[in-house]
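As a plain string of letters, each chain reads:
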Amino acid sequence: MDLKVEARNLDMRNGWREKIEEEREKIIRHYTNLVLHLRVTIEATPGYKEGGYEISLVASVPNDTVVVKRWGEKVHPLLVESFNVLGLQLKDIVQKKQNHKHQVSAKTQGGVPGGDTCGTVQRMFSEYGFIMTHDKQEVFFHAKSLKDLSMDDLEEGAVVSLAMEDGDKGLQAVWVKAA
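Structure report, in brief. Please read all numbers here as calculations on a predicted model, not as lab measurements. (Residues numbered from 1 in each chain as written. Predicted model: local features only at pLDDT ≥ 70, side-chain atom pairs only at ≥ 80, totals over all residues. Heavy atoms only, no water.)

## Examining the sheet that holds strand E1 (residues 2-8)
One key point about sheets: their strands pair by backbone hydrogen bonds, in either a parallel or an antiparallel sense. Strand order in the open sheet formed by 4 strands is E1-E2-E3-E4, with mixed pairing between adjacent strands. One side of each edge strand has no neighbouring strand; the edge strands of this open sheet are E1 and strand E4 (64-72). Across the sheet, the axes of successive neighbouring strands diverge by a mean angle of 10°, strand direction being ignored. Where strand E2 (residues 37-44) lies against strand E3 (residues 53-61), 8 bridges are found, and the strand directions are antiparallel. Note on E3: the bridge partner recorded for Leu-38 is Ala-59. Running over the sheet, helix H1 (residues 14-30) touches E1, E2 and E3 and is turned about 150° from E1. (Pairing = 2+ DSSP bridges. Helix = DSSP H or I, 4+ residues; strand = E, 2+ residues; numbered from the N terminus. Axes fitted to C-alpha atoms, helices over the stretch in contact; angles between N-to-C directions. Contact = heavy atoms within 4.5 Å.)

## Some points on unusual backbone geometry
In the Ramachandran plot, Lys-136 falls in the positive-phi region, its phi being about 65° despite a non-glycine side chain. Here Lys-136 lies in the loop between strand E6 (128-133) and strand E7 (138-142). Phi is positive for Asp-148, which is not a glycine, with a value near 60°. Locating Asp-148 in the fold gives a position in the loop between E7 and strand E8 (159-167).

## Describing the environment of Asn-9
Residue placement: Asn-9 occurs in the loop between E1 and H1. In this structure, the C-alpha to C-alpha distance between Asn-9 and Ala-44, residues 35 residues apart in sequence, is 5.4 Å. If we ignore the near neighbours within four places in the chain, the residues touching Asn-9 are Glu-43 and Ala-44. Within the structure, the side chain of Asn-9 is placed 3.4 Å from the backbone oxygen of Ala-44, a separation counted as a polar contact. (Polar contact = N/O pair within 3.5 Å; in protein donor to acceptor, adjacent residues only side chain to side chain.)

## Focus on the packing of aromatic side chains
Applying the stated rule across the entire model yields 5 aromatic pairs. Centre to centre, the rings of Phe-130 and Phe-140 are 5.7 Å apart; their planes meet at 70°, and the pair counts as edge-to-face. In this pair, Phe-130 is assigned in strand E6 and Phe-140 in strand E7, connecting sequence segments 10 residues apart. Residue classification places Phe-140 among the partly exposed residues on the basis of a relative accessible area of 28%. Taken together, the ring pairs connect Phe-125, Tyr-128, Phe-130 and Phe-140 into an aromatic cluster. (Phe/Tyr/Trp six-rings, centres within 6.5 Å; stacked < 30°, edge-to-face > 60°. Buried < 20%, exposed > 50% of the residue type's maximum accessible area, 1.4 Å probe, protein only.)

## Things to note about the side chain of Ser-56
Mapped onto the fold, Ser-56 is located in strand E3. For Ser-56, a relative accessible area of 9% puts it in the buried group. In this structure, Ser-56 is in contact with Arg-39, Val-40, Thr-41, Val-68 and Lys-69, ignoring residues within four places of it in sequence.

## Focus on the pattern of salt bridges
Per the stated rule, a full pass over the model turns up 11 salt bridges. Between Glu-22 and Lys-19 there is a salt bridge, with the nearest N and O atoms lying 2.9 Å from each other. Taken as a pair, Glu-22 and Lys-19 lie in helix H1 at a separation of 3 residues, close to a single helical turn. What makes Lys-19 buried here is its relative accessible area of 10%. Put simply, Glu-138 and Arg-123 hold a salt bridge, and the shortest N to O gap is 2.8 Å. Linking Glu-138 in strand E7 with Arg-123 in strand E5 (residues 116-124), this pair joins segments that are 15 residues apart in sequence. Here the residues in one salt-bridge network are Lys-4, Glu-6, Arg-8 and Glu-43, joined through shared partners. (Salt bridge = Lys/Arg side-chain N within 4 Å of Asp/Glu carboxyl O.)

## Section: the nonpolar core
Soluble globular proteins tend to bury their nonpolar side chains together. Judged by nonpolar contacts, the single largest core of 26 residues is most densely connected at Ile-42, Leu-79, Phe-83 and Leu-86. Those elements that provide at least two residues to this core are H1, E2, E3, E4 and helix H2 (75-106). With near-sequence residues (within four places) excluded, Leu-79 lies in contact with Trp-16, Lys-19, Ile-20, Val-40, Ile-42 and Ile-55. By size, the runner-up hydrophobic cluster in this structure holds 16 residues, among which are Val-121, Ala-158, Met-164 and Ala-173. (Core = buried A, V, L, I, M, F, W, Y, C linked by side-chain atoms within 4.5 Å.)

Rendered as structure tokens:
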């Protein structure tokens, strides 16, 4: 995990840095390879209260960013609270991922979520589009899901192969490549 620690309007204390490293190790131990980058910012906030501080944690995880902010009068307890909240949010991400994998693995392969299939590009926009599978399911795709081709390489009516999953708003392509 890549770690960046910043101090704003104050000098970083060794005790704070040690606590951040200790909490970082806990995150690594419990959520191996989940957090790609972590930025910890400690800022003196004179407008909050006399001697007030703001702690900000920004964690990059696959396909998402988790942000935790806490305000208070003492840095050490704020660090502990911030990392505890981050841990809870990471736990939720892992549980959602496990639940999703369980749902996908319970389905059969083919033109359904979790399986590879073919389809025809129906509509395209600058960064996304829609594919109609041979069994008449409409699947959303984003330019980021394209493998070995770009949006410029595609045109409406092109036949592609894809893998799909259930997204927040329906079926979405995990990857799309030329058939």
